[in-house]
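Residues per chain are reported as follows:
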Amino acid sequence: GEPDGLTVDAMVYRLRARWAMAAADPMLFLRWFVLTLDSHDKENPIKPFPWDRRHILPIVRLWQANRLISLEKSRQMLATWLMAALCTWWCLFHRGQLVIVQAATEFDVIGDENTADGQLGRIKFILHHLAGATYLGMTEGQAFKCIDIKIQFLGANSSIIGLPQTGEKLRQ
């Protein structure tokens, strides 16, 4: 049989119900839909986002309550993955948004989707690996479009743009 003993129709129904709940709470989006890439794990590099780590919930709630936050972080916190996922959630479920992500260099912003490097590389990885994407209509060209330094969320009229920290582009 099917996983959890459910029929395909029941699994799709549950998936769509979870998607609707995730629209209201980024923690549910992290729990049910976000996958990450761990390049150090040669056997199983694609993993569910570790939403249950103790520091994740307070950071997400802080982010939801404040327009601007500053975090002191270490590599093991998954802060870059978390912010990539939150930016993705924001643009998927909020209409007419423009999110700017920045990093030191253009490569650090654009990165590489295949290795999930860089801000946009991680966001693209998340989008291309959304759990149940086909059943949700969340495939590239249908729900989003990736163009160089921009990711457009077609149904929401929202975009994420990546810029290096030179400031030149922001002043224009």
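In short, a report on the structure. (Residues numbered from 1 in each chain as written. Predicted model: local features only at pLDDT ≥ 70, side-chain atom pairs only at ≥ 80, totals over all residues. Heavy atoms only, no water.)

Scanning the model with the defined rule gives two salt bridges in all. For the salt bridge of Asp41 with Lys47, the shortest nitrogen-to-oxygen distance reads 2.5 Å. Judged by its relative accessible area of 23%, Lys47 is partly exposed. (Salt bridge = Lys/Arg side-chain N within 4 Å of Asp/Glu carboxyl O. Buried < 20%, exposed > 50% of the residue type's maximum accessible area, 1.4 Å probe, protein only.)

Let us now look at the side chain of Thr36. By the secondary structure assignment, Thr36 is in strand S1 (residues 35–37). For Thr36, a relative accessible area of 6% puts it in the buried group. The contact partners of Thr36, leaving out residues within four places of it in the chain, are Pro45, Ile46, Lys47, Pro48, Phe49, Trp81 and Phe125. (Helix = DSSP H or I, 4+ residues; strand = E, 2+ residues; numbered from the N terminus. Contact = heavy atoms within 4.5 Å.)

Another aspect to go through is the nonpolar core. Judged by nonpolar contacts, the single largest core of 45 residues is most densely connected at Phe29, Leu30, Ile123, Leu130, Phe153 and Ile160. Residue assignment for this core shows that the elements contributing at least two residues are helix H1 (8–24), helix H2 (26–32), helix H3 (56–65), helix H4 (79–93), strand S3 (98–103), helix H6 (119–128), helix H7 (133–136) and strand S5 (150–153). Ignoring anything within four residues of it in the chain, the contact list for Phe153 reads Thr88, Cys91, Leu92, Leu127, Ala143, Phe144, Ser158, Ser159 and Ile160. (Core = buried A, V, L, I, M, F, W, Y, C linked by side-chain atoms within 4.5 Å.)

Reading across the sheet, the four strands line up as S3-S6-S5-S4 and stay open at both edges, with mixed pairing between neighbours. Edge positions in the sheet fall to S3 and strand S4 (144–147), since each has one partner strand and no second. Between one strand axis and the next, the sheet turns through 15 degrees on average, direction left out of account. In the sheet, S4 pairs with S5 via four bridges, with the strands oriented antiparallel. Across the sheet, the residue bridging to Ile147 is Lys150, located in S5. In this fold H4 packs onto S3, S5 and strand S6 (158–164), with an angle of close to 145 degrees to the strand it touches most, S6. The strands touched by H6 are S3, S4, S5 and S6; relative to S5, the strand with the most contacts, the crossing angle is about 35 degrees. (Pairing = 2+ DSSP bridges. Axes fitted to C-alpha atoms, helices over the stretch in contact; angles between N-to-C directions.)

Turning our attention to the environment of Leu86. Within the secondary structure, Leu86 is located in helix H4. Along the primary structure Leu86 and Pro26 are separated by 60 residues, whereas in three dimensions their C-alpha atoms are 6.8 Å apart. Leaving out residues up to four positions away in the same chain, Leu86 has contacts with Pro26, Val60 and Trp63.

Take H1 next. If you check H1, its first and last C-alpha atoms are 25 Å apart, about what 17 residues at 1.5 Å a residue would give, namely 24 Å. By the burial criterion, the buried members of H1 are Val12, Leu15, Trp19 and Ala22. Projected down its long axis, H1 shows its buried positions confined to an angular sector of 85 degrees, all on one face. Exposed residues pointing more than 90 degrees away from the buried face of H1 are listed as Asp9, Tyr13, Ala20 and Ala24. Tucked inside the fold, the buried residues of H1 contact H2, H4 and H7. (Expected span 1.5 Å × (residues − 1). Arc of directions from axis to C-beta.)

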